[in-house]
Amino acid sequence: SPDDILSLIASDDEVQQVSASWTYDVDSTSDLLLQQMAVQGQAYFNASGDQGAYAAGAAGAGGDPPVVGDPFITIVGGTELTATGTYGTESGWNLSGGGASSIYGIPGYQQSVSMGTNQGSTTMRNLPDVAMVSTNVFVIYSNGLQGGAYGTSIATPLWAAFLRLVSKSAAN
């Protein structure tokens, strides 16, 4: 169960950045485990999904799965990077999940952001929290197989790895 996995991650307390790409219902046990991880300095990142913008007032395809907006989870969306030799442009990926939660209120760090041009909510949590390249990513997997991949399931571990590098650099 998701709670068993979260419990193992929290009790081991060895991994500081955790990424996931699956959706599950956060219950009171999950929430306590996520809080424990946060207190221990463990960051938990979850993919926002690949079905485009959430319907108004419903953060998540077909509703508001609690994992999407839980305040102890950082939701990672996707961007599209266009580069020819050097950095070019980066924009939001049109299939990246995002929208306003219908369950969780707006956190303090979003309250000072003007929502006029991006049509965000001024009262509910806006998702995703962060975004990373999620299209045309070259991966090597399964003992050397290679290919292109896309989705917020690609962006999420990339974001966790980036934060690990930032963390390690700050510690030096």
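Quick summary incoming for the structure in this document.

Cut-offs applied
Residue positions within a chain follow its written sequence, with the count starting from 1. Note on the predicted model: pLDDT of at least 70 is required for a residue's local features to be given, and 80 or more for side-chain atom pairs to be given and counted; whole-chain, interface and lining totals, by contrast, use all residues. Here the side-chain values reflect all heavy atoms present in the structure, with hydrogen atoms and water set aside. Using only the protein atoms, space was sampled on a 1 Å grid; points where a 1.4 Å probe fits but cannot get out form cavities, open sets with protein on both sides within 12 Å along at least five of seven lines form pockets, and lining residues are those with an atom within 4 Å of a point. Grid points are joined across faces, edges and corners, and a volume is the space filled by probe spheres set on the points. Numbering goes from the N terminus for both helices and strands, where a helix is a DSSP run of H or I of at least four residues and a strand is a run of E of at least two. When residues are grouped by polarity, Ala, Val, Leu, Ile, Met, Phe, Trp, Tyr, Cys and Pro land in nonpolar, Asp, Glu, Lys and Arg in charged, and all others, Gly among them, in polar. A simple rule labels every residue: compare its accessible area, found with a 1.4 Å probe on the protein chains alone, to the largest value its type can have, and call it buried under 20%, exposed over 50%, or partly exposed in between. Neither His nor the chain ends is counted toward charge; the positive residues are Lys and Arg and the negative residues Asp and Glu. Each salt bridge in this description consists of a side-chain nitrogen of Lys or Arg and a carboxyl oxygen of Asp or Glu lying within 4 Å of one another. Each polar contact in these results corresponds to two N or O atoms within 3.5 Å; when the atoms are within protein, one needs to be able to donate a hydrogen and the other to accept it, and residues that are neighboring in sequence are counted only if both atoms are side-chain atoms. Residues are treated as being in contact if the distance between any of their heavy atoms lies within 4.5 Å. Between 30 and 60 degrees the pair is tilted, below 30 it is stacked and above 60 it is edge-to-face, where a pair is any two Phe, Tyr or Trp rings, Trp via its six-membered ring, whose centres lie within 6.5 Å.

## Regarding the layout of surface pockets
Next up, step 1: In this structure, the largest pocket encloses a volume near 260 Å³.
Next up, step 2: Considering the residues around the largest pocket, the lining is formed by 15 residues, among which Gly99, Asn118, Gly120, Asn126 and Leu127 are closest to the centre.
Next up, step 3: Put simply, the parts of the chain that give the lining of the largest pocket at least two residues each are strand S5 (99–105), helix H4 (108–111) and strand S6 (124–127).
Next up, step 4: Across the lining of the largest pocket, the residue classes break down as seven nonpolar, eight polar and no charged.

## Thoughts on the side chain of aspartate 3
Next up, step 1: Summarising the element assignment, aspartate 3 is placed in helix H1 (residues 2–12).
Next up, step 2: Despite its burial, aspartate 3 remains without a salt bridge, the nearest opposite charge being carried by arginine 125 at 16 Å.
Next up, step 3: Of the polar contacts made by the side chain of aspartate 3, one reaches the side chain of serine 30; its length is 2.3 Å.
Next up, step 4: Once residues within four sequence positions are removed from consideration, aspartate 3 is found in contact with Asp27, Thr29, Ser30 and Leu33.

## Here's the deal with the packing of aromatic side chains
Next up, step 1: According to the stated counting rule, one finds two aromatic pairs in the structure shown.
Next up, step 2: Geometrically, the ring pair formed by tryptophan 93 and tyrosine 150 is edge-to-face, given 6.0 Å between the ring centres and 70° between the ring planes. On the criterion of sequence distance, the pair formed by tryptophan 93 in the loop between strand S4 (86–92) and S5 and tyrosine 150 in the loop between strand S9 (145–149) and helix H5 (152–171) is long-range, its members being 57 residues apart.
Next up, step 3: Given the relative accessible area of 8%, tryptophan 93 is considered buried.
Next up, step 4: An angle of 50° between the planes, with centres 5.4 Å apart, marks the rings of tryptophan 159 and phenylalanine 162 as tilted. Of this pair, tryptophan 159 and phenylalanine 162 both sit in helix H5, three residues apart, which is roughly one turn of that helix.
Next up, step 5: Tryptophan 159 sits in the buried class, given a relative accessible area of 16%.

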